[in-house]
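Architecture and fold: a report
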Amino acid sequence: MPRFFGTPTDVHVGQQFIDRRDLHEAAVHRPLQAGISGTKAEGADSIVVSGGYGDDEDHGDYILYTGHGGKDLNSPRQVANQSIDAPGNAGLITSMIQGFPVRVVRGAHRRSPYAPPAGYRYAGLFLVADFIERSGKDGFTIVQFRLDRIPEQEPYVAIASPEADPAFATTVVSRRIRDSLVAREVKATYGYSCQACGTSIEGFGGRFYAEGAHVRPLGRPHLGADIATNILCLCPNHHTQLDNGGLFIRNDMTLEGTDGTLVGTLTFKKKHLLLAENAQYHREFWTQAS
Ligand SMILES: [Zn+2]
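Since the model is a prediction, treat every value here as computed from it, not as a measurement. (Residues numbered from 1 in each chain as written. Predicted model: local features only at pLDDT ≥ 70, side-chain atom pairs only at ≥ 80, totals over all residues. Heavy atoms only, no water.)

On to the sheet that holds strand β15 (residues 262-265). Within a beta sheet, neighbouring strands are joined by backbone hydrogen bonds and run either parallel or antiparallel to one another. A sheet is described by the order of its strands in space; here three strands give the open sequence β13-β14-β15, paired in antiparallel fashion. Each end of this open sheet is capped by a strand with a single partner; those strands are β13 (247-249) and β15. Averaged over neighbouring strand pairs, the angle between their axes works out to 30 degrees when direction is ignored. Across three bridges, strand β14 (residues 254-257) lies against β15 in antiparallel orientation. Residue pairing in the sheet places E256 in a bridge with L262 of β15. (Pairing = 2+ DSSP bridges. Helix = DSSP H or I, 4+ residues; strand = E, 2+ residues; numbered from the N terminus. Axes fitted to C-alpha atoms, helices over the stretch in contact; angles between N-to-C directions.)

Right, here's the structure in full:
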């Protein structure tokens, strides 16, 4: 099963769960023991904040979350250094660079006023805003993440679910965090290299960044489909230009500027194509708008 990002459709913010098994079965947090669900390659999709680390701080809308590793099994004390290469920590860094939303679950503990009195409570989706490596209270290196709660969550549609009706996809949420599984697959197909200019943006630790651009936009009124034949892997500049009507795709997959001149050609891998009708929809929408 591919890693699932976003809130499962039948789960709501504030929902209570009895134990880790309950969280696992609801697909809110899969691992039964680890606090972070994730890997460097895929990113992290969920964490549990349960006061197990003495350096954690829960401020409600943002959380300073101590990464994985180096902890004494029977107390909140650190007994060894943490590493940014431990899978969970590396996963959170990947989610930061890719803009993946992380499900946050709070477990019962005394030190947070936001924690439930018992069991676990789903706190919603957060973005990894930042991380630092620093010396923790017990003198060992910790990797500490800042996670910010995504404010506009009520209209948020769970992503990576191809069955979701794109008519209800919100445009409030940044496109960086709306990537579906299929958009991530298209980006992976191109190795995060822009189909318009070849740029691949390198981030920390060899993690690359690109955006999945829907040529016929999702949601009302366009009702474009969240399928590979409507998605391009683009750098943020070309994505923005396409979305803002400054770049058009001809039916032969060449690129045209606003003055009608040829400005480039999209590159395609063998296993991917863009349907010309989606490019045509995009051109006609902007032509009629002018
Ligand atoms: Zn580009």
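Turning our eyes to something else, we now look at the packing of aromatic side chains. Summed over the entire model, instances satisfying the criterion amount to four aromatic pairs. Centroid distance F285 to W286: 5.2 Å. Interplanar angle 80 degrees. Geometry classified as edge-to-face. Note on F285: relative accessible area 32%, which makes it partly exposed. Note that R216 overlies the ring of Y281, its terminal NZ or CZ placed 3.9 Å from the centroid. (Phe/Tyr/Trp six-rings, centres within 6.5 Å; stacked < 30°, edge-to-face > 60°. Buried < 20%, exposed > 50% of the residue type's maximum accessible area, 1.4 Å probe, protein only. Lys NZ or Arg CZ within 6 Å of the ring centre and 35° of its normal.)

Moving on, we get to the coordination of the zinc ion. Taken together, C194 (SG), C197 (SG), C235 (SG) and H238 (ND1) make up the full set of protein donors to the zinc ion, lying 2.0 to 2.3 Å away. Viewed at the metal, the four donor atoms of the zinc ion are separated by angles of 103 to 116 degrees, and the geometry they form is tetrahedral. Its relative accessible area of 3% is what places C194 among the buried residues. (Donors = N, O, S within 2.8 Å, 3.2 Å for Na, K, Ca; no water. Tetrahedral: all angles 85-135°; square planar, octahedral: opposite > 155°, others 65-115°.)

Our focus in this paragraph is the pattern of salt bridges. Any two side chains of opposite charge can pair, so long as their charged atoms come close to each other. Per the stated rule, a full pass over the model turns up eight salt bridges. One salt bridge in this structure joins R3 and E42, with 3.0 Å as the shortest N-O distance. Here the residue R3 occupies a position in the segment before β1 (16-17), and E42 occupies one in the loop between β2 (36-39) and β3 (43-49), the gap between them amounting to 39 residues. Among the salt bridges present, the one from R77 reaches D138, with a minimum N-O distance of 3.2 Å. Of the two residues, R77 is situated in the loop between β5 (62-66) and α2 (87-98) and D138 in the loop between β7 (120-135) and β8 (141-149); the sequence distance between them amounts to 61 residues. Exposure remark for D138: the relative accessible area of 24% places this residue in the partly exposed category. Through salt bridges with shared partners, a single network forms among R3, E42, D45 and R103. (Salt bridge = Lys/Arg side-chain N within 4 Å of Asp/Glu carboxyl O.)

Another point: the side chain of R3. Within the structure, the side chain of R3 is placed 3.0 Å from the side chain of E42, a separation counted as a polar contact. Reaching out from R3, the side chain makes a polar contact with the side chain of D45 at a distance of 3.0 Å. When neighbours within four sequence positions are excluded, R3 is seen to be in contact with S37, G38, T39, E42, G43, D45 and R184. (Polar contact = N/O pair within 3.5 Å; in protein donor to acceptor, adjacent residues only side chain to side chain. Contact = heavy atoms within 4.5 Å.)

Its twelve residues place the ends of α2 16 Å apart at the C-alpha level, agreeing with the 16 Å of an ideal helix rising 1.5 Å per residue. A large share of α2 lies buried, amounting to eleven of its twelve residues. Backbone geometry just after α2 places G99 at a positive phi near 75 degrees. (Expected span 1.5 Å × (residues − 1).)

This brings us to unusual backbone geometry. Its identity is not glycine, yet A27 carries a phi of approximately 60 degrees, on the positive side. Assignment of secondary structure puts A27 in the loop between α1 (20-25) and β2. Positive phi outside glycine occurs at L223, with the angle close to 60 degrees. Looking at the secondary structure, you find L223 in the loop between β11 (211-214) and β12 (231-234). We classify L223 as partly exposed; its relative accessible area is 45%.

Taken residue by residue, a regular strand's side chains alternate between the two faces of the sheet. Residues E211 and A213 of β11 are buried on one face, and the alternating residues G212 and H214, pointing to the opposite face, are buried as well. Examined bridge by bridge, β11 and β12 share four bridges and lie antiparallel to one another. Bridging across to β12, G212 finds its partner in C233.

By themselves, these figures tell us nothing about what the structure is for.
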